[in-house]
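Below, each chain spelled out in residue letters.
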Amino acid sequence: SRQKDEQLDLEEGMWLISLIVDPQVQREPLQRQLDQMARDVRARLGEEVDPARAEPQVVVDALVSVLKDKYKLAGALTNYDHPDNSSLDRVLQSKKGLPILLSHIAVAVADRLKVPVVGIPVPGRYMIKYDGSRAPEGHPRDDIIIDPFGDWQKLSAEEVDELVPGFNPESDLGPGARREIVIRMLRNLASDYEATGQPGKATEAVKLLQLF
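None of the values given here were measured: they were computed from a predicted structure.

### Regarding the pattern of salt bridges
- In the structure shown here, the tally under the stated rule is twelve salt bridges.
- With a closest N to O distance of 3.8 Å, Asp22 and Arg90 form a salt bridge. Here the residue Asp22 occupies a position in the loop between helix H1 (10-21) and helix H2 (27-45), and Arg90 occupies one in helix H4 (residues 88-94), the gap between them amounting to 68 residues.
- Look at Arg90 and you get partly exposed, because its relative accessible area is 24%.
- In this structure, Arg112 engages Asp35 in a salt bridge whose closest nitrogen and oxygen atoms are separated by 2.6 Å. Note that Arg112 is positioned in helix H5 (residues 99-112) and Asp35 in helix H2, a separation of 77 residues in sequence.
- Of the residues examined, Asp35 reaches a relative accessible area of 31% and is grouped as partly exposed.
- Sharing partners across several salt bridges, the network here consists of Glu11, Asp35 and Arg112.

### Some words on H2
- For H2, spanning 19 residues, the distance from its first C-alpha to its last is 28 Å, which sits close to the expected 27 Å at 1.5 Å a residue.
- Backbone geometry just downstream of H2 places Gly46 in the positive-phi region, at approximately 110°.

### Here we look at the packing of H1 against helix H9 (residues 199-209)
- In the contact formed by H1 and H9, the axes pass within 10 Å of each other and the chain directions differ by 160°. One element, H1, and the other, H9, form an angle in the roughly antiparallel class. H9 is crossed by H1, and the crossing has right-handed handedness. Contact residues: H1 offers Leu16, Ile17, Ile20 and Val21, while H9 offers Lys201, Glu204, Ala205 and Leu208.
- For the contact of H1 with H9, the class distribution of residues is six nonpolar, no polar and two charged.

### Description of H1
- Its twelve residues give H1 an end-to-end C-alpha distance of 17 Å, which sits within 8% of 16 Å, the value for a rise of 1.5 Å per residue.
- Here H1 lies mainly inside the structure; nine of its twelve residues are buried.
- Those residues of H1 lying buried are Leu10, Glu11, Gly13, Met14, Trp15, Ile17, Ser18, Ile20 and Val21.
- Where H1 is buried, its residues contact H2, H4, H5, helix H8 (178-195) and H9.
- One side-chain oxygen at the N-terminal end of H1 lies 3.0 Å from the backbone nitrogen of Glu11; it belongs to Asp9.

### Things to note about the packing of aromatic side chains
- Counting across every chain of the model gives one aromatic pair.
- Here the aromatic rings of Tyr80 and Phe149 are separated by 5.6 Å at their centres, their planes lie at 90°, and the arrangement is edge-to-face. In this pair, Tyr80 is assigned in the loop between strand E1 (74-75) and H4 and Phe149 in the loop between strand E5 (144-147) and strand E6 (153-155), connecting sequence segments 69 residues apart.
- A residue is classified by how much of its surface remains accessible, and Tyr80, at 34% relative accessible area, is partly exposed.
- The class for Phe149 is buried, based on a relative accessible area of 13%.

### Examining the sheet that holds E5
- Spatially, the four strands line up as an open sheet ordered E3-E4-E5-E6, and their pairing is antiparallel. The open sheet has two free edges, formed respectively by strand E3 (117-120) and E6, since each of these has just one partner strand. Each adjacent strand pair in this sheet contributes to an overall mean axis angle of 35°, direction not counted.
- Here E5 pairs with E6 via three bridges, running antiparallel. Pairing of Ile145 across the sheet is with Leu155, part of E6.
- Running over the sheet, helix H3 (residues 56-70) touches E3, strand E4 (127-130), E5 and E6 and is turned about 15° from E5.

### Some words on the environment of Tyr126
- Positionally, Tyr126 belongs in the loop between E3 and E4.
- Among the residues examined, Tyr126 registers a relative accessible area of 2% and is labelled buried.
- In this structure, the C-alpha to C-alpha distance between Tyr126 and Ser103, residues 23 residues apart in sequence, is 7.2 Å.
- A polar contact is formed between the side chain of Tyr126 and the side chain of His104, at a distance of 2.8 Å.

Calculation rules
Residues numbered from 1 in each chain as written. Predicted model: local features only at pLDDT ≥ 70, side-chain atom pairs only at ≥ 80, totals over all residues. Heavy atoms only, no water. Salt bridge = Lys/Arg side-chain N within 4 Å of Asp/Glu carboxyl O. Helix = DSSP H or I, 4+ residues; strand = E, 2+ residues; numbered from the N terminus. Buried < 20%, exposed > 50% of the residue type's maximum accessible area, 1.4 Å probe, protein only. Expected span 1.5 Å × (residues − 1). Axes fitted to C-alpha atoms, helices over the stretch in contact; angles between N-to-C directions. Parallel < 35°, antiparallel > 145°, perpendicular 65-115°, else oblique. Left-handed = near helix turned anticlockwise from the far one by under 90°. Contact = heavy atoms within 4.5 Å. Nonpolar A, V, L, I, M, F, W, Y, C, P; charged D, E, K, R; others polar. Polar contact = N/O pair within 3.5 Å; in protein donor to acceptor, adjacent residues only side chain to side chain. Phe/Tyr/Trp six-rings, centres within 6.5 Å; stacked < 30°, edge-to-face > 60°. Pairing = 2+ DSSP bridges.

As structure tokens, then:
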């Protein structure tokens, strides 16, 4: 099932991963929750504002305000290694997740609004950015980096550098390839199942890895 990277459906990937944690998870309710979050961001901006054309800082503030303040999504600081923190379904329920899950909830919501927010594969601390190279006409072309796991703070490249040892702005600020994103999620899950003594579940995660 190796599709071209840009055809890979990341939301489907997140749903398939959540099925390993709970085989009963349906895809539609997850999509509906993300749809609602996008509607809330649109409402926060004002119905007359087109998110795709709006000022980047304003859009980022609306996105963060909805995900952080309204939905209370935050980093799983306790039980970080719990498999639930890798499941889109469980993260939407518990409001706590790994950096990469929080990041891709934000990306999924932004995608619905045609807003160029992408995941960035910062080592050990996955983040997102508003991709300044795709900012609408007439607005600054600067990236806006956000650390969902770190209370949704906006960071400069210099601040990321201070926070993350081994950070390389050349490679670590480019949007991650979709396949690499799903692989990183699955590796997290496999290692969490190993750590919590569930080798059967770890094997399921590794099997799914082979599809990507």
